[in-house]
Structures are given as C-alpha cells and as structure tokens.
Amino acid sequence: MRPELRRCRMAEGCMMALRYGMVFFNLLFWLGGCGILGVGVWLSVTQGNFATLSSSLPSLSAANLLIAVGTIIMVIGCLGCVGAVKESRPLLLTFFILLLLIFFLEILSIMLFFIYQDEIDHYAQRDLKKGLQLFGTEGNVGLTNAWMIVQTDFRCCGVTNHTDWFEVYNASRVPDSCCLEYSDNCGLDNPGTWWTAPCYERVKDWLNENLVALWIFALCTALTQVIEAGKLYSTLACSTAR
C-alpha cells in the first residue's frame, strides 16, 4: 500500500472517530440544555418570578437564569453537532469561537469577583434591603416567596439582622417565616421566638462551605471546553489532510 493511500485512510478514520465523538458529546450537551431550559420554563410558569430577591434586577430570577443558560447550551451543542455531521468548517469555527469566548468570560468573572468582593457585598446587601420594602406587596409574589423560603430553609431573618424588617413594617415585627416554630402571626410575638441570624451571612457561609464543589464544577466545565477545542482543531486538521 502506497504511503499516500495509507495516510489518506488514516485521515479518514481519524475524521470519522472525531466526528462521532463530537456528535455524541454535543448531543448530550444539547439534551442537558433542553433539560435546563425545561426546568426554567416550568419554574416561570408555575412559580412566577421565583427566587427573585433583587429589587433593581427583577429579571434576575432562577427561572430566567435557567432559561438563558439552557438556551445558550442548546445553541452551542446544536452548532457542534451540525458542524461535525456536515463537516462544516464555518460552523465548527463558530463553535470554537463561542467556546473560547465563554471560557474567557468565566475567567474574567472569577477575577472580577475576587477583586471587587467587598464592593459586591456592599451593593448586594443594600439592594436586598431595598427589596425588603416590596415584601408582601402586589405584583411581587416571586420576591415574597423567595424571602419566605430563604428564611425558612437557612433559619435566618433579614439581610444583616432581623431588625431590618422593623423598617419595613414600621413596627417591631417580622414575617412569619422568621419564627422558630411557624404559625400564623407568629412574627408579632416575642423576639425570643424568631431566628436572629442574618440571611446574607448564612447564605454566604453556605456558598463558602460548598466552594470546593463549585470549583470542581468550574474546572470540569473548563476542561470540557478545552477537550472540545482540541477535538475541533484535530477535526480541522484531518479535514485538511484528507
């Protein structure tokens, strides 16, 4: 067998293996995006603006975040699948550029978070306290439900102190979700029956405790992107050699 023919067959085998690998991986990627999008739509339909704690960014809800992330994953996965099946260099190049852009945005976000962590804490606390004023008001069911769930699950009350609610009610009372034992109008009882831990610190401590898991997730995401980029380059190289 001539060397040229052997190289050609090796290139074809390389191309086929990489193509099937990319199709399989990006199909899983696309299905994962469908799942995330579906959960986001379900939350949006059934729970309204569930988990909306910010008053200045009312669109920043769990449902909307899941919808946005799911849509992005679906688009990227679709580009990878179609590009690999069609052996389309423009689609594969677009796929690579999107992966590279997301990778750099992740790194930039992490860097900015650590650089401006104090400023972010100050802004978040101020914005959350502002959002307390909308608790229980008409058109803010999502914010109200989110605060009730956070205070119940994390056994906390208010943003930095349970007295944050005193400014909301103009009285020494808190929502019933702040009570050690929930009952109707228990927020009017003695302060000794309320949670006193600040919700902001409780949630922040929970995030710190789970930081290792978050870092592992971020590392796996970055590694996946690097593998995809490597497959892309190899695919383009095989396409050129064929």
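From a predicted model like this one, the values you see are computed outputs, not experimental measurements. (Residues numbered from 1 in each chain as written. Predicted model: local features only at pLDDT ≥ 70, side-chain atom pairs only at ≥ 80, totals over all residues. Heavy atoms only, no water.)

1. With respect to the overall build of the chain
Line of reasoning, step 1. Secondary structure summary: the chain contains 8 helices and 0 strands in total.
Line of reasoning, step 2. Counting from the amino terminus, the chain carries its helices and strands in the arrangement α-α-α-α-α-α-α-α.
Line of reasoning, step 3. Within the chain, buried positions represent 29% of all 242 residues. (Helix = DSSP H or I, 4+ residues; strand = E, 2+ residues; numbered from the N terminus. Buried < 20%, exposed > 50% of the residue type's maximum accessible area, 1.4 Å probe, protein only.)

2. Brief notes about helix H5 (residues 141-154)
Line of reasoning, step 1. The end-to-end C-alpha separation of H5 is 20 Å, in line with the 20 Å expected for 14 residues at 1.5 Å each.
Line of reasoning, step 2. In this fold, the buried residues of H5 make contact with helix H4 (117-132), helix H6 (164-169) and helix H7 (199-209).
Line of reasoning, step 3. Looking at the residues trailing H5, positive phi occurs at Arg155, about 55°. (Expected span 1.5 Å × (residues − 1). Contact = heavy atoms within 4.5 Å.)

3. Structural notes on the packing of H4 against H7
Line of reasoning, step 1. It is at 11 Å that the axes of H4 and H7 come closest, and there the two elements cross at 135°. In terms of orientation, H4 lies oblique with respect to H7. Crossing geometry of H4 relative to H7 is assigned as right-handed. On the side of H4, the interface is formed by Gln117, Ile120, Asp121, Ala124, Gln125 and Leu128, while H7 contributes Tyr200, Glu201 and Lys204.
Line of reasoning, step 2. For the contact of H4 with H7, the class distribution of residues is 4 nonpolar, 2 polar and 3 charged. (Axes fitted to C-alpha atoms, helices over the stretch in contact; angles between N-to-C directions. Parallel < 35°, antiparallel > 145°, perpendicular 65-115°, else oblique. Left-handed = near helix turned anticlockwise from the far one by under 90°. Nonpolar A, V, L, I, M, F, W, Y, C, P; charged D, E, K, R; others polar.)

4. So, the confidence of the model for the chain
Line of reasoning, step 1. Across the chain, the average pLDDT comes to 76, with 74% of residues at or above 70.
Line of reasoning, step 2. Per-element confidence in the chain ranges from a low mean pLDDT of 62 for helix H8 (residues 211-241) to a high of 90 for H6. (pLDDT = per-residue confidence, 0-100.)

5. As for the state of the cysteines
Line of reasoning, step 1. For the coordinates displayed, the defined rule picks out 3 disulfides.
Line of reasoning, step 2. Between Cys156 and Cys199 runs a disulfide, and the two sulfur atoms are separated by 2.1 Å. With the S-S dihedral at roughly 95°, the linkage between Cys156 and Cys199 falls on the right-handed side. Linking Cys156 in the loop between H5 and H6 with Cys199 in helix H7, this pair joins segments that are 43 residues apart in sequence.
Line of reasoning, step 3. Owing to a relative accessible area of 2%, Cys199 belongs among the buried residues under this scheme.
Line of reasoning, step 4. Here Cys179 is linked by a disulfide to Cys186, with a sulfur-sulfur distance of 2.1 Å. Looking along the S-S bond of the Cys179-Cys186 disulfide, the torsion reads about 110°, which is the right-handed sense. Cys186 matches Cys179 in its accessibility class, with the two residues each being buried.
Line of reasoning, step 5. Between Cys34, a free cysteine, and Cys78, which holds the nearest cysteine sulfur, the sulfur-to-sulfur gap is 9.5 Å. (Disulfide = S-S within 2.5 Å.)

6. As for the pattern of salt bridges
Line of reasoning, step 1. Under the criterion given, the structure shown has 1 salt bridge.
Line of reasoning, step 2. Lys204 is the partner of Asp121 in a salt bridge, and the nearest nitrogen-oxygen pair spans 2.8 Å. Remark: Lys204 occurs in helix H7 and Asp121 occurs in helix H4; sequence separation between them is 83 residues.
Line of reasoning, step 3. Of the residues examined, Lys204 reaches a relative accessible area of 23% and is grouped as partly exposed. (Salt bridge = Lys/Arg side-chain N within 4 Å of Asp/Glu carboxyl O.)

7. Let's talk about the packing of helix H3 (residues 89-115) against H4
Line of reasoning, step 1. Where H3 contacts H4, the axes come no closer than 5 Å and their chain directions differ by 80°. The angle between the axes of H3 and H4 places the two elements in the roughly perpendicular class. In this structure, H3 contributes Leu112, Phe113, Phe114 and Ile115 to the contact, and H4 contributes Gln117, Glu119 and Ile120.
Line of reasoning, step 2. Broken down by class, the residue content of the contact of H3 with H4 amounts to 5 nonpolar, 1 polar and 1 charged.

8. Digging into the nonpolar core
Line of reasoning, step 1. One finds Leu132, Trp147, Cys157, Val159, Trp165 and Val174 to be the most contacted residues of the largest nonpolar core, which totals 20 residues.
Line of reasoning, step 2. The set of elements that each furnish at least two residues to this core consists of H4, H5, H6 and H7.
Line of reasoning, step 3. Here this core takes 3 residues from H5, the largest share from any one element.
Line of reasoning, step 4. Residues contacting Trp165, with those up to four places away along its chain left out, are Leu132, Phe135, Gln151, Cys157, Gly158, Arg173, Val174, Pro175 and Cys178.
Line of reasoning, step 5. One finds Ile76, Leu79, Ala84 and Leu92 within the second-largest nonpolar core, a separate group that totals 7 residues. (Core = buried A, V, L, I, M, F, W, Y, C linked by side-chain atoms within 4.5 Å.)

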